[in-house]
Amino acid sequence: NLIGKPSKIVLIVVAKNTLIESDFQSHQKHSCMEKNLKTYSDDELCRLIQQKKKAGFDYLYSQHCSSLYGIALNAVKSQTYAEDIIHKTFEKVWNNINTYRPQFATFNIWILGVLICTIKEYLSEKNISFKFNCDKFPSFSIQLLEEKVC
């Protein structure tokens, strides 16, 4: 299943004595399919995430997972890597929501920035060399060059 969302990712986020465990597959089957899913503005969503409310994570996931996964998969050309990157991206958004500044970027652009940083970090951790181009941000490209042999 390379289109849409990852087939199964389990994300466990620990922040300030709060544990949120979320099975992305159940989100795919339930939250995203619900017609009556409550909607939140970016400000409301940020407040929910800052308060570590599960509803905030659920909405964040339902609104952003498909597009972020597609971007990650296109960038790294590996379903496994893309799933790992999405896991790390949601964890970073959850744990670093206080760094979001609406006066500098929209919430969508901020999340895209988190994803890009996560992709770059992930490829570096995997010793995969790449060329990154963001001359026309928010459009960007990542060209995988080769895996480095350790």
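Residues numbered from 1 in each chain as written. Predicted model: local features only at pLDDT ≥ 70, side-chain atom pairs only at ≥ 80, totals over all residues. Heavy atoms only, no water.

1. Quick look at the packing of helix α2 (residues 42-50) against helix α3 (residues 54-76)
The N-to-C vectors of α2 and α3 enclose an angle of 130 degrees; their axes lie 7 Å apart at closest approach. Judged by the angle between their axes, α2 and α3 are oblique. Taken as a pair, α2 and α3 cross one another with a handedness that is left-handed. When α2 is examined against α3, the residues Leu45, Leu48 and Ile49 are found in contact with a partner set consisting of Gly56, Tyr59 and Leu60. Here the residues of the contact of α2 with α3 are counted per class, giving 5 nonpolar, 1 polar and no charged. (Axes fitted to C-alpha atoms, helices over the stretch in contact; angles between N-to-C directions. Helix = DSSP H or I, 4+ residues; strand = E, 2+ residues; numbered from the N terminus. Parallel < 35°, antiparallel > 145°, perpendicular 65-115°, else oblique. Left-handed = near helix turned anticlockwise from the far one by under 90°. Contact = heavy atoms within 4.5 Å. Nonpolar A, V, L, I, M, F, W, Y, C, P; charged D, E, K, R; others polar.)

2. Side note on the packing of α3 against helix α4 (residues 79-95)
Two elements in contact, α3 and α4, have axes whose closest approach is 9 Å; the angle formed by their N-to-C orientations is 140 degrees. Between α3 and α4, the angle falls in the class oblique. Crossing of α3 over α4 shows right-handed handedness. Packed against α3, whose contacting residues are Phe57, Leu60, Tyr61, His64, Cys65, Leu68, Tyr69, Ala72, Leu73 and Val76, the element α4 presents Gln79, Tyr81, Ala82, Glu83, Ile85, Ile86, Thr89, Phe90, Val93 and Trp94 at the interface. Residues belonging to the contact of α3 with α4 are distributed by class as follows: 16 nonpolar, 3 polar and 1 charged.

3. Re the environment of tyrosine 69
Here tyrosine 69 is to be found in helix α3. Take tyrosine 69: its relative accessible area is 0%, and that puts it in the buried class. Residues tyrosine 69 and isoleucine 85, 16 residues apart in the sequence, show an inter-C-alpha distance of 8.3 Å. (Buried < 20%, exposed > 50% of the residue type's maximum accessible area, 1.4 Å probe, protein only.)

4. Quick word on unusual backbone geometry
Non-glycine residue lysine 77 carries a positive phi angle of around 60 degrees. Structurally, the position occupied by lysine 77 is in the loop between α3 and α4. Its identity is not glycine, yet asparagine 127 carries a phi of approximately 60 degrees, on the positive side. Within the secondary structure, asparagine 127 is located in the loop between α5 (107-125) and β3 (128-133). Exposure remark for asparagine 127: the relative accessible area of 26% places this residue in the partly exposed category.

5. Quick word on the pattern of salt bridges
Counted according to the given criterion, the structure contains 2 salt bridges. The partner of lysine 54 in a salt bridge is aspartate 58, with the nearest N and O atoms 3.0 Å apart. Placement of the pair is lysine 54 and aspartate 58 together in helix α3, with a separation of 4 residues, close to one helical turn. Given the relative accessible area of 18%, aspartate 58 is considered buried. Here glutamate 121 ties to lysine 92 by a salt bridge, and the two come within 2.3 Å at their closest N and O atoms. Linking glutamate 121 in helix α5 with lysine 92 in helix α4, this pair joins segments that are 29 residues apart in sequence. (Salt bridge = Lys/Arg side-chain N within 4 Å of Asp/Glu carboxyl O.)

6. Some points on α2
Along an α-helix, residues three or four positions apart point the same way, because every turn accommodates 3.6 residues. Of all the positions in α2, only Leu45, Cys46, Leu48 and Ile49 are classed as buried. Around the axis of α2, the buried residues are gathered within 160 degrees of arc, so they sit on the same side. Taken together, the buried residues of α2 touch α3, α4 and α5. (Arc of directions from axis to C-beta.)

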